[in-house]
Amino acid sequence: MARPTPINEEIKLNPKRYIVSKTDTKGIIEYGNDYFVEISGYKETELLGQPHNIIRHPDMPRVIFKMMWDRIQNRRNIFALVKNLAKDGRYYWVVTEFETKVDPITEEIVGYTAFRRAAPKEAVKKIEPIYKKLVEIESVGGIEASEKYLRGFLEEQGKTYDEFIDEIIGNKGLFKAFFKLMKKIFG
């Protein structure tokens, strides 16, 4: 399937609705809730069986996805601010929490679930220039160079990635409770 050409138009997400998708261990979409289908602009039949990166926006640094895959493949959770690309070229920002699904008998990883909701505007304002810099670095030096830059940036902030993201997304109170509830419902 051909990737859409990005346009500079944001899809305003309903802060009271959530997006859920499930993939296999290779990132192939196995499930998407109705809101995911609606916002992405794809038909459900177009999404199922496709790599989840079908919605990856080119403004997203590859290092963020590398970090995400490293974490979830090691059964560690991660929150991320993600700019996604809809079928019509528009974009939407989400806060995503990933969960690794493990077979209760074999203890092998069998898939991943992503829980998303609208990203706070202030968080987007803070992360956009960082992502832009990381994408620029990747275009010249690859993922390794952007990973080194990100490490240096976080060291300068005196924070881990998780602490930095928690701070800018306001991961506390009702926001934190939302993701806990989504895990109960879809986990």
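What comes next is a walk through the structure.

Here is what the cut-offs are and how they apply
- Residues numbered from 1 in each chain as written.
- Predicted model: local features only at pLDDT ≥ 70, side-chain atom pairs only at ≥ 80, totals over all residues.
- Heavy atoms only, no water.
- Helix = DSSP H or I, 4+ residues; strand = E, 2+ residues; numbered from the N terminus.
- Rg over C-alpha atoms; globule rule 2.2 N^0.38 Å.
- Buried < 20%, exposed > 50% of the residue type's maximum accessible area, 1.4 Å probe, protein only.
- Contact = heavy atoms within 4.5 Å.
- Areas by Shrake-Rupley, 256 points an atom, 1.4 Å probe, with all protein chains shown as cover.
- Core = buried A, V, L, I, M, F, W, Y, C linked by side-chain atoms within 4.5 Å.
- Pairing = 2+ DSSP bridges.
- Axes fitted to C-alpha atoms, helices over the stretch in contact; angles between N-to-C directions.
- Expected span 1.5 Å × (residues − 1).
- Bend = angle between axes of the 7 residues up to and from the residue.

1. A few points about the overall build of the protein
Right, so step 1: Helix and strand counts for the protein come out as six helices and five strands.
Right, so step 2: Ordering the α and β elements of the protein from the N terminus gives β-β-α-α-α-β-β-β-α-α-α.
Right, so step 3: At 16 Å, the protein has a C-alpha radius of gyration in line with the 16 Å of a compact globule built from 187 residues.
Right, so step 4: For the protein, the spread of C-alpha atoms along the three principal axes comes to 40 × 40 × 30 Å.
Right, so step 5: Taking all 187 residues of the protein together, 45% fall into the buried category.
Right, so step 6: Here the contacts in the protein between residues at least 6 apart in sequence split such that 59% fall between residues at least 24 apart.
Right, so step 7: Just so you have it, the protein exposes about 10100 Å², and 52% of that area is on carbon and sulfur atoms.

2. Here's the deal with the nonpolar core
Right, so step 1: Core analysis: the biggest nonpolar cluster contains 49 residues, and Leu81, Tyr92 and Ile127 have the highest contact counts within it.
Right, so step 2: Those elements that place two or more of their residues in this core are helix H1 (34-40), helix H3 (62-73), strand S3 (78-85), strand S4 (91-102), strand S5 (109-118), helix H4 (121-157) and helix H5 (161-169).
Right, so step 3: The biggest single contributor to this core is H4, with nine residues.
Right, so step 4: Residues contacting isoleucine 127, with those up to four places away along its chain left out, are Leu81, Trp93, Phe164, Ile165 and Ile168.

3. Considering the sheet that holds S4
Right, so step 1: Read across the sheet, five strands follow the order S2-S1-S5-S4-S3 without closing on themselves; strand pairing throughout is antiparallel. At either margin of the open sheet sits one strand with a lone partner, and together these are strand S2 (29-32) and S3. Across the sheet, the mean angle from the axis of one strand to that of its neighbour is 30°, orientation sign disregarded.
Right, so step 2: In the sheet, strand S1 (residues 19-23) pairs with S2 via three bridges, with the strands oriented antiparallel. Paired with threonine 23 across the strands is isoleucine 29, a residue of S2.
Right, so step 3: Packing of H4 onto the sheet brings it into contact with S3 and S4, and relative to S4 it is tilted by some 85°.
Right, so step 4: Contacting S3 and S4, H5 runs over the sheet at an angle of about 65° to S3.

4. Some thoughts on H4
Right, so step 1: For H4, spanning 37 residues, the distance from its first C-alpha to its last is only 21 Å, which falls clearly below the expected 54 Å at 1.5 Å a residue.
Right, so step 2: Taking the largest bend as the criterion, H4 deviates by roughly 135°, centred on glycine 141.

5. With respect to the environment of methionine 1
Right, so step 1: The residue methionine 1 is located in the segment before S1 in this model.
Right, so step 2: By relative accessible area, methionine 1 is classed as exposed at 57%.
Right, so step 3: When the C-alpha positions of methionine 1 and alanine 145 are compared, they lie 30 Å apart, and in sequence the two are 144 residues distant.

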